[in-house]
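Breakdown of the fold
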Amino acid sequence: MNMAARIIVVGGGAAGFFAAITAAERGGEVMLVEKTGRFLDKVRISGGGRCNVTHACFEAREFATRYPRGERALLSPFQKFSAGDTVVWFSERGVALKTEVDGRMFPVTDSSQTIVNCLFDAAQKAGVKLRLHCAIDSVARLPDGTFELATGAEKIAGDKLLLATGGCRAVAAGQLAVSLGHTLVAPVPSLFTFQIESEWLRSLAGVAVAAEVSVPAAKLRESGPLLVTHWGLSGPAVLKMSAWGARVLHDLNYRFPLYVNWLPGMNEEKLAAEFQARRETAGAKLVVNVPVAPLPGRLWEQLVLAAGIARDTRWSVMTRPQSQALSQQLLRSEFQVTGKSLNKDEFVTCGGVKLSEVDFKTMESRVCPGLYFAGELLDIDGITGGFNFQAAWTTGFVAGCAMAA
């Protein structure tokens, strides 16, 4: 008679929980240990406390393109457990998800507690042993292939070990993997906002527009909603750029010129025609008072002033050089980025266990048999919108199945 595999999962976040549930539901004897006093902390606070569970994109290849690091590695896992499978998994356990306009999927309750409760119930039903305040100091692989984990004065033994300790914001977070022979790709932040010391820009905090941002120095360009904040620029366009450019922006020490095109649908010719029409039909009006759609009035006013056009200038007397300066300001405002602010909801890192050292068909280590990985400890990160959670569910599921097999 086969003994149930003794499986130890280190890390009580999304990936660790999902792997533990998956393995236990398939007959594995699973213990899940978490060093802090709470499980699923990131699940609780993500998406403003609503939990952006996944993204409504149901084709594996297409889904994988949303990962600046990990696209190719995730193709095989996504064939086994996709966003569609996530929706079904939660639905079968009584949690319905809904899709928002931008594709992000949330529980219909709009409360992350629904997801937390569902995962707890599933873990308890499957018989996962849950332990809090259990920090692992060291781990050793014994000659018989089993693992021994030291936590304080206690030792925990297991046949299989899954590390799902989360993003390596500090290299120490990856030390257990390194002690078992793995290489860490140096961690750098991903998903952050840009600090810009421009008085007039900061005075517009709260203004949101659809725009295009570019950093020629890093060959980066993104478009989408852009949000002006008290410290600079944020919103999906900036967050996406920070994910794709995580390494190169780190290498630039987060100091670089950023260009904003406030009117992505326009070009110089169209703007020149637009200005000419204003001269003819609204010549007596002040330039600052007649914005080009769809720009909000406050933003338009600041862009006019930033172009060096006096507040009392009327359309009828605007000179050609002034028109050109305004056109330049609208299509290519230049800002100096002086630093970054981490996006509190996401705190994602790029970096972690080197992907070539893991077999993505099973999530097992190629370096240390019996060792598995899931979630953000791997050098995988997605853009904002539910992709990081999906990578956690997927890698957790694949690892859980393989460990229980």
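Before reading further, recall that the structure is shown in the block above.
Residues numbered from 1 in each chain as written. Predicted model: local features only at pLDDT ≥ 70, side-chain atom pairs only at ≥ 80, totals over all residues. Heavy atoms only, no water.

**Some remarks on the overall build of the chain**
Note the threshold: Put simply, DSSP marks the helices as runs of H or I at least four residues long and the strands as runs of E at least two long, and each gets a number from the N terminus on. Residue burial is assigned from relative accessible area. The probe radius is 1.4 Å, only protein chains are included, and a residue is buried under 20% of its type maximum, exposed over 50%, and partly exposed in between. It only takes one pair of heavy atoms within 4.5 Å for two residues to be counted as in contact. In short, Shrake-Rupley with a 1.4 Å probe defines the accessible areas, and a residue's cover is counted only from the protein chains shown. Residues scored as charged are limited to Lys and Arg (positive) and Asp and Glu (negative), so that His and the chain ends carry no count. Note on charges: their place is set at NZ of Lys, CZ of Arg, CG of Asp or CD of Glu.
Scanning the chain from N- to C-terminus turns up 14 helices and 21 strands. By principal-axis analysis of the C-alpha atoms, the chain measures approximately 90 × 40 × 35 Å. Out of the 405 residues belonging to the chain, those deemed buried represent 53%. When contacts within the chain are restricted to residue pairs at least 6 apart in sequence, long-range pairs at least 24 apart make up 71% of them. Carbon and sulfur atoms make up 52% of the accessible area of the chain, which amounts to about 17300 Å² in all. Taken together, the 42 basic and 38 acidic charged side chains of the chain have centroids lying 2 Å from each other.

**Focus: the sheet that holds strand S3 (residues 54–55)**
Picture the strands of a sheet paired through backbone hydrogen bonds; they go either parallel or antiparallel. Where we set the bar: Should DSSP find at least two bridges between two strands, the strands are taken to pair.
Strand order in the open sheet formed by 3 strands is S3-S5-S4, with antiparallel pairing between adjacent strands. Strands at the two margins of the open sheet, each flanked by one partner only, are S3 and strand S4 (97–99).

**Section: the pattern of salt bridges**
As a reminder of what qualifies: Within this document, salt bridges are pairs made up of a side-chain nitrogen of Lys or Arg and a carboxyl oxygen of Asp or Glu, the two lying within 4 Å of each other.
Evaluated as defined, the whole model comprises 20 salt bridges. Measuring nitrogen to oxygen at the nearest pair gives 2.6 Å for the salt bridge that ties Glu-376 to Lys-42. Highlighted residues: Glu-376 in the loop between strand S21 (371–373) and helix H14 (387–404) and Lys-42 in helix H2 (residues 41–49), separated in sequence by 334 residues. According to the relative accessible area criterion, Glu-376 is buried, its value standing at 13%. In this structure, Arg-278 engages Glu-274 in a salt bridge whose closest nitrogen and oxygen atoms are separated by 2.7 Å. In this pair, Arg-278 and Glu-274 both sit in helix H11 (residues 268–281), 4 residues apart, roughly one turn of the helix.

**Looking at the packing of helix H1 (residues 14–25) against helix H6 (residues 112–126)**
Convention followed: Angles here are taken between N-to-C directions and fall from 0 to 180 degrees, while the axes themselves are lines fitted to C-alpha atoms, restricted in helices to the stretch in contact. Each crossing is labelled by how the near helix is turned from the far one, with a counterclockwise turn of less than a right angle marking it left-handed and a clockwise turn marking it right-handed. Amino acids are sorted into nonpolar (Ala, Val, Leu, Ile, Met, Phe, Trp, Tyr, Cys and Pro), charged (Asp, Glu, Lys and Arg) and polar (every other residue, Gly among them).
Direction vectors running N to C along H1 and H6 enclose 30 degrees, while the axes themselves pass 9 Å from each other. In this structure, the crossing between H1 and H6 has a hand that is left-handed. Contacts between H1 and H6 involve Phe-17, Phe-18, Ile-21, Ala-24 and Glu-25 on the former and, on the latter, Leu-119, Phe-120, Ala-122, Ala-123 and Ala-126. Classifying every residue of the contact of H1 with H6 gives 9 nonpolar, no polar and 1 charged.

**A look at the sheet that holds strand S7 (residues 138–141)**
The antiparallel open sheet is built from 3 strands, whose spatial order is S7-S8-S9. The sheet is open, and its two edges are formed by S7 and strand S9 (154–158), each paired on a single side. Pairs of neighbouring strands in the sheet enclose a mean axial angle of 20 degrees, with direction left out of account. Judged from the 5 bridges that link them, strand S8 (residues 147–151) and S9 form a sheet pairing that is antiparallel. Among the inter-strand pairings, Phe-147 is bridged to a residue of S9, identified as Gly-158.

**Section: the packing of aromatic side chains**
To keep it simple, the criterion reads: Classification of ring pairs uses Phe, Tyr and Trp, with its six-membered ring standing for Trp, and accepts pairs whose centres are within 6.5 Å; under 30 degrees between planes counts as stacked, over 60 as edge-to-face, and the remaining range as tilted. Two thresholds decide whether a charge sits over a ring: the Lys NZ or Arg CZ must be within 6 Å of the ring centre and within 35 degrees of the ring normal.
Throughout the structure, instances matching the rule amount to 22 aromatic pairs. On the basis of an interplanar angle of 70 degrees and a centroid distance of 5.7 Å, the ring pair of Phe-90 and Trp-393 is categorised as edge-to-face. One end of the pair, Phe-90, is in helix H5 (residues 83–92); the other, Trp-393, is in helix H14, and 303 residues separate them in sequence. We classify Trp-393 as buried; its relative accessible area is 0%. An angle of 90 degrees between the planes, with centres 6.5 Å apart, marks the rings of Trp-262 and Phe-335 as edge-to-face. With Trp-262 in the loop between strand S16 (256–261) and H11 and Phe-335 in strand S17 (residues 333–342), this residue pair connects regions lying 73 residues apart in the sequence. Residue Trp-262 shares its accessibility class with Phe-335, and that shared class is buried. Every member of this aromatic cluster is reached through a ring pair, and the members are Phe-18, Phe-81, Trp-89, Phe-90, Phe-389, Trp-393 and Phe-397. The ring of Tyr-259 has Arg-332 lying over it, and the distance from NZ or CZ to the ring centre is 3.8 Å.

**Focus on the packing of helix H12 (residues 297–306) against helix H13 (residues 320–331)**
What counts, and what does not: Any angle between 65 and 115 degrees counts as roughly perpendicular, while under 35 counts as roughly parallel, over 145 as roughly antiparallel, and the rest as oblique.
Between H12 and H13, whose axes approach to 9 Å, the crossing angle comes to 130 degrees. Put simply, H12 runs oblique to H13. You can see that H12 and H13 cross each other, and the crossing is right-handed. Packed against H12, whose contacting residues are Trp-300, Leu-303, Val-304 and Ala-306, the element H13 presents Leu-326, Gln-329 and Leu-330 at the interface. Looking at the contact of H12 with H13 residue by residue, the class counts come to 6 nonpolar, 1 polar and no charged.

**Considering the environment of Leu-163**
In this structure, Leu-163 sits in strand S10 (residues 160–163). Residues Leu-163 and Met-266, spaced 103 residues apart in sequence, show a C-alpha to C-alpha distance of 50 Å. If sequence neighbours within four positions are ignored, Leu-163 has contacts with Val-10, Leu-176, Ala-177, Leu-371, Tyr-372, Phe-373, Ala-374 and Leu-377.

**A short note on the side chain of Arg-44**
Keep this limit in mind: Polar contacts here mean pairs of N or O atoms no more than 3.5 Å apart (in protein, one a potential hydrogen donor and the other a potential acceptor; neighbouring residues in sequence count only if both atoms are side-chain atoms).
Position of Arg-44 among the secondary structure elements: in helix H2. From its side chain, Arg-44 meets the backbone oxygen of Phe-39 in a polar contact 3.1 Å long. Among residues more than four places away in sequence, those in contact with Arg-44 are Arg-38, Phe-39, Gly-49, Ser-112, Gln-113, Val-116 and Phe-120.

**Description of the side chain of Ser-198**
On the secondary structure map, Ser-198 appears in the loop between strand S12 (192–196) and helix H8 (199–202). Residue classification places Ser-198 among the buried positions, given a relative accessible area of 12%. A distance of 3.2 Å separates a polar side-chain atom of Ser-198 from the backbone nitrogen of Leu-201.

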